[in-house]
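# Topology and contacts: notes
Each chain is listed here by its residues.
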Amino acid sequence: MEMLTVPDVAELLAVPVTEVRSRVKDGTFLSVRRDDGVLVLPAEQFDGTELVKHFSGVLTLLRDAGYNDDEALRWLTTADDTLPGTPLQALHENRATEIKRRAQALAF
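Let's shift gears to the packing of helix H3 (residues 55–64) against helix H4 (residues 69–77). When two helices pack together, you describe them by how their axes are tilted relative to each other and by the distance separating the axes. Following both chains from N to C, one finds H3 and H4 inclined at 120°, their axes separated by 10 Å at the closest point. Here H4 runs oblique to H3, going by the angle between their axes. Read as a crossing pair, H3 and H4 show a hand that is right-handed. In this structure, H3 uses Phe55, Val58, Leu59, Leu62 and Arg63 to contact H4, whose residues at the interface are Asp69, Ala72, Trp75 and Leu76.

Below, the discussion takes up the nonpolar core. If you look at the biggest cluster of nonpolar residues, it comprises 33 residues, and the most contacted ones within it are Val9, Phe29, Phe46, Phe55, Val58, Leu76 and Leu91. The set of elements that each furnish at least two residues to this core consists of helix H1 (6–13), helix H2 (17–25), strand E3 (39–42), H3, H4, helix H5 (87–92) and helix H6 (96–105). No other element matches H3, which puts five residues into this core. Setting aside residues up to four positions removed in sequence, Phe46 forms contacts with Leu4, Val9, Leu12, Leu13, Phe29, Leu41, Leu51, Val52 and His92.

What follows covers the pairing of E3. Burial of E3 is two-sided: the residues Leu39 and Leu41 facing one way and the residues Val40 and Pro42 facing the other way are all buried. Here strand E1 (residues 3–5) runs beside E3; their pairing, made up of three bridges, is antiparallel. Within E3, the position partnered with Thr5 by the bridge is Val40. Bridging between strand E2 (residues 32–33) and E3 involves two bridges; their strand directions are antiparallel.

On to the pattern of salt bridges, then. One side chain can pair with another of opposite charge once the charged atoms of both are near each other. With the rule as written, the count across this model stands at seven salt bridges. A salt bridge links Arg23 to Glu19; its shortest N-O distance comes to 4.0 Å. Of the two residues, Arg23 and Glu19 both sit in helix H2, four residues apart, roughly one turn of that helix. A salt bridge links Arg63 to Asp69, with the nearest nitrogen and oxygen atoms 2.9 Å apart. Exposure remark for Arg63: the relative accessible area of 26% places this residue in the partly exposed category. One network of salt bridges, with partners in common, ties together Asp80, Glu98, Arg101 and Arg102.

Reading guide: rules and limits
- Residues numbered from 1 in each chain as written.
- Predicted model: local features only at pLDDT ≥ 70, side-chain atom pairs only at ≥ 80, totals over all residues.
- Heavy atoms only, no water.
- Axes fitted to C-alpha atoms, helices over the stretch in contact; angles between N-to-C directions.
- Helix = DSSP H or I, 4+ residues; strand = E, 2+ residues; numbered from the N terminus.
- Parallel < 35°, antiparallel > 145°, perpendicular 65-115°, else oblique.
- Left-handed = near helix turned anticlockwise from the far one by under 90°.
- Contact = heavy atoms within 4.5 Å.
- Core = buried A, V, L, I, M, F, W, Y, C linked by side-chain atoms within 4.5 Å.
- Buried < 20%, exposed > 50% of the residue type's maximum accessible area, 1.4 Å probe, protein only.
- Pairing = 2+ DSSP bridges.
- Salt bridge = Lys/Arg side-chain N within 4 Å of Asp/Glu carboxyl O.

Written out as structure tokens, the structure is:
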């Protein structure tokens with residue numbers, strides 16, 4: 001999985017690094033720390049220069065279910081034969097309703 005640094009995301013979105021950091025802090029973007037401590041963001045959460053539609057909502061549902069960002073990343077990128085593919089791939093394919101339903105069910 002391709003991971004982007006904060007400066008990489010800023011360049012991709014044509015925004016200042018401070019805006020990327022702010023969006024990480026407010027929970028809009030999913031980020032994790034590599035073993036060397038560098039903050040990285042999965043490239044797959046972006047569709048070109050935009051955040052994948054419904055990504056923030058699904059991320060909020062996962063956090064409400066008690067998932068930390070590492071666990072949310074694992075859930076979003078783990079293949080599921082019943083989808084098929086990963087939840088993140090399904091979001092790219094405009095199948096957000098099913099992904100939201102599954103993320104909501106995790107809280108129960």
